[in-house]
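Below, each chain spelled out in residue letters.
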Amino acid sequence: MISSLKQSTVTITGSGTLRPKLPIRTPQFLVLPPLPAAKTRRDAILALAKPLYVSSNEGFGFKRHDQKHPLITCKAYEADQSEPIEQKQTPAEAARKVKIGVYFATWWALNVVFNIYNKKVLNAFPFPWLTSTLSLAAGSLIMLISWALKVAEAPNTDFEFWKTLFPVAVAHTIGHVAATVSMSKVAVSFTHIIKSGEPAFSVLVSRFILGETFPAAVYLSLVPIIGGCSLAALTELNFNMIGFMGAMISNLAFVFRNIFSKRGMKGKSVSGMNYYACLSMLSLLILTPFAIAVEGPQLWAVGWKNAISQIGPHFIWWVAAQSVFYHLYNQVSYMSLDEISPLTFSIGNTMKRISVIVSSIIIFRTPVQPVNALGAAIAIFGTFLYSQVILDFCLQIENDGP
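Parameters at a glance
- Residues numbered from 1 in each chain as written.
- Predicted model: local features only at pLDDT ≥ 70, side-chain atom pairs only at ≥ 80, totals over all residues.
- Heavy atoms only, no water.
- Helix = DSSP H or I, 4+ residues; strand = E, 2+ residues; numbered from the N terminus.
- Expected span 1.5 Å × (residues − 1).
- Phe/Tyr/Trp six-rings, centres within 6.5 Å; stacked < 30°, edge-to-face > 60°.
- Lys NZ or Arg CZ within 6 Å of the ring centre and 35° of its normal.
- Buried < 20%, exposed > 50% of the residue type's maximum accessible area, 1.4 Å probe, protein only.
- Contact = heavy atoms within 4.5 Å.
- Core = buried A, V, L, I, M, F, W, Y, C linked by side-chain atoms within 4.5 Å.
- Arc of directions from axis to C-beta.
- pLDDT = per-residue confidence, 0-100.
- Axes fitted to C-alpha atoms, helices over the stretch in contact; angles between N-to-C directions.
- Parallel < 35°, antiparallel > 145°, perpendicular 65-115°, else oblique.
- Left-handed = near helix turned anticlockwise from the far one by under 90°.
- Nonpolar A, V, L, I, M, F, W, Y, C, P; charged D, E, K, R; others polar.

Q: I'd like a rundown of helix 8 (residues 272–294), residues and numbers included.
A: Compared with the 33 Å implied by 1.5 Å per residue over 23 residues, the 32 Å span of helix 8 between its first and last C-alpha is a close match. After helix 8 finishes, the residue Gly 296 shows a positive phi value of roughly 90 degrees.

Q: Please set out the packing of aromatic side chains residue by residue, giving values where relevant.
A: According to the stated counting rule, one finds 16 aromatic pairs in the structure shown. Between Tyr 117 and Trp 317 the ring centres are 6.0 Å apart and the planes differ by 80 degrees, which places this aromatic pair in the edge-to-face class. In this pair, Tyr 117 is assigned in helix 1 (residues 91–124) and Trp 317 in helix 10 (residues 314–337), connecting sequence segments 200 residues apart. Members of the aromatic cluster, each reached through a chain of ring pairs, are Phe 125, Phe 127, Trp 304, Phe 315 and Trp 318. The aromatic ring of Tyr 117 is capped on one face by Lys 120, whose charged end is 5.6 Å from the ring centroid. Across the ring face of Phe 208, the terminal group of Arg 207 is positioned such that the distance to the ring centre comes to 5.8 Å.

Q: An account of the side chain of Thr 191 is requested, with residue identities and associated values reported.
A: Note that Thr 191 resides in helix 4 (residues 188–195). The class for Thr 191 is buried, based on a relative accessible area of 1%. Setting aside chain neighbours within four positions, we find Thr 191 in contact with Ala 179, Ser 182, Met 183, Val 186 and Ala 247.

Q: Explain the nonpolar core to me, and be specific about the residues and the numbers.
A: If you look at the biggest cluster of nonpolar residues, it comprises 42 residues, and the most contacted ones within it are Phe 125, Trp 147, Leu 165, Leu 279 and Phe 315. Elements with a minimum of two residues in this core: helix 1, helix 2 (128–148), helix 3 (159–185), helix 8, helix 9 (297–311) and helix 10. Here Trp 147 is in contact with Ala 152, Glu 153, Ala 154, Pro 155, Asn 274, Ala 277, Cys 278 and Met 281, once residues within four sequence places are set aside. In this structure, Ala 200, Leu 222, Val 389 and Ile 390 belong to the second largest nonpolar core, which totals 10 residues.

Q: Lay out helix 9 with the relevant residues and their values.
A: In an α-helix, one turn spans 3.6 residues; hence positions three or four apart end up facing the same way. Between its terminal C-alpha atoms helix 9 stretches 20 Å, which fits the 21 Å expected from 15 residues at 1.5 Å a residue. All of the buried residues in helix 9 are Trp 300, Gly 303 and Ala 307. Burial along helix 9 is one-sided: seen end-on, the buried residues are contained in an arc of 75 degrees. In this structure, helix 9 carries Gln 298, Val 302, Lys 305 and Ser 309 as exposed residues pointing more than 90 degrees from its buried face. Positive backbone phi, at 105 degrees, marks Gly 312, one or two positions downstream of helix 9.

Q: I'd like to hear about the confidence of the model for the protein, residue by residue, with values.
A: Here the protein shows a mean pLDDT of 79. Residues at 70 or above account for 72%. Note that residues 37–49 has pLDDT below 50 and, in this model, 14 contacts with residues that lie over four places away or in other chains.

Q: Mind laying out the packing of helix 5 (residues 198–208) against helix 6 (residues 216–234), listing which residues take part and the relevant values?
A: Two elements in contact, helix 5 and helix 6, have axes separated by 9 Å at closest approach and are oriented at 140 degrees. Relative to helix 6, helix 5 is oriented oblique. Viewed along their axes, helix 5 and helix 6 form a crossing whose handedness is left-handed. Contact with helix 5, carried on its side by Pro 199, Ala 200, Val 203 and Arg 207, involves Val 218, Tyr 219, Leu 222, Ile 225 and Ile 226 of helix 6 and no other residues of that element. Across the contact of helix 5 with helix 6, the residue classes break down as 8 nonpolar, no polar and 1 charged.

Written as structure tokens, this is what we have:
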């Protein structure tokens, strides 16, 4: 590792000021005495018990106003090394990377399993409103039991918290039901291809409703997203308008969910896991009466009887699995968001869609034309490109802040 020592800048003003000329120093090796080992930390990067040799020093002199490089640069080597000292990864950093890797692998795996069982249930039991309700009910029950048994610490909430969470829950409910309706009408892969267009909705809503502006690079990144989704939709063999509109409505609803969440949750100290648990419970209360009104117990009873007669008792396992795995994959995604940056999360979300699309095509043997696959690839690439551009834009805003 190259150590740089920066001399404080000296600025001399006034007319006719002369700069003193300093003699040119030739590179030389200097020996620094070893530092006492008792003062070193266990995670110290340098072995301070060994002497350090300064191999060269450069740039002595006064710093000009237009000079960007440091005034002095010293290159150091340990006594028993001929290469620069490299920064060694601490055990804590290595453990954190492993933890994030486990989060990502679990997130993707749970999401794939959920989509498979969810599609199986919807094929045999085409009642997306009840299916969506059961998913939220399972997650709410899991978290209530976890809080009661002290497996997870219950959040400290008040009326203001639930008040700000309500619009988030409304948007989440609409997005969840719309996505389930979509998957009940079209292939899982097609739903997720259309859902990869969510960034386009985010930019359009922010621009025309919230009045926010973005640089040209953000708008250009939407071209492959919109183009890829359009190409995939036009070449879909089993295209269904209800399924297409369900995915589009889900995109729009989740955009508003994110907007309401950012505005309402500022300053709230609730973990990602508990935040999603509260969101599920409130969404369940909102969805249940609408599910009863749209479908109703009579249709559910007839549909359930037909599903059991066609699939057998293990249909119950399908329903339980899709309900539990829906909560688990969302819970893990919110937990991972506490550990990683927004860019890493966006990349992980893009890779998640790829894993779901590919696995669903293989498992359900979905026929895919080459031009349809090309549209999906372009849309997913556009989503990845958008995540890069939008993060750079956000970082620039933070750096140029007041």
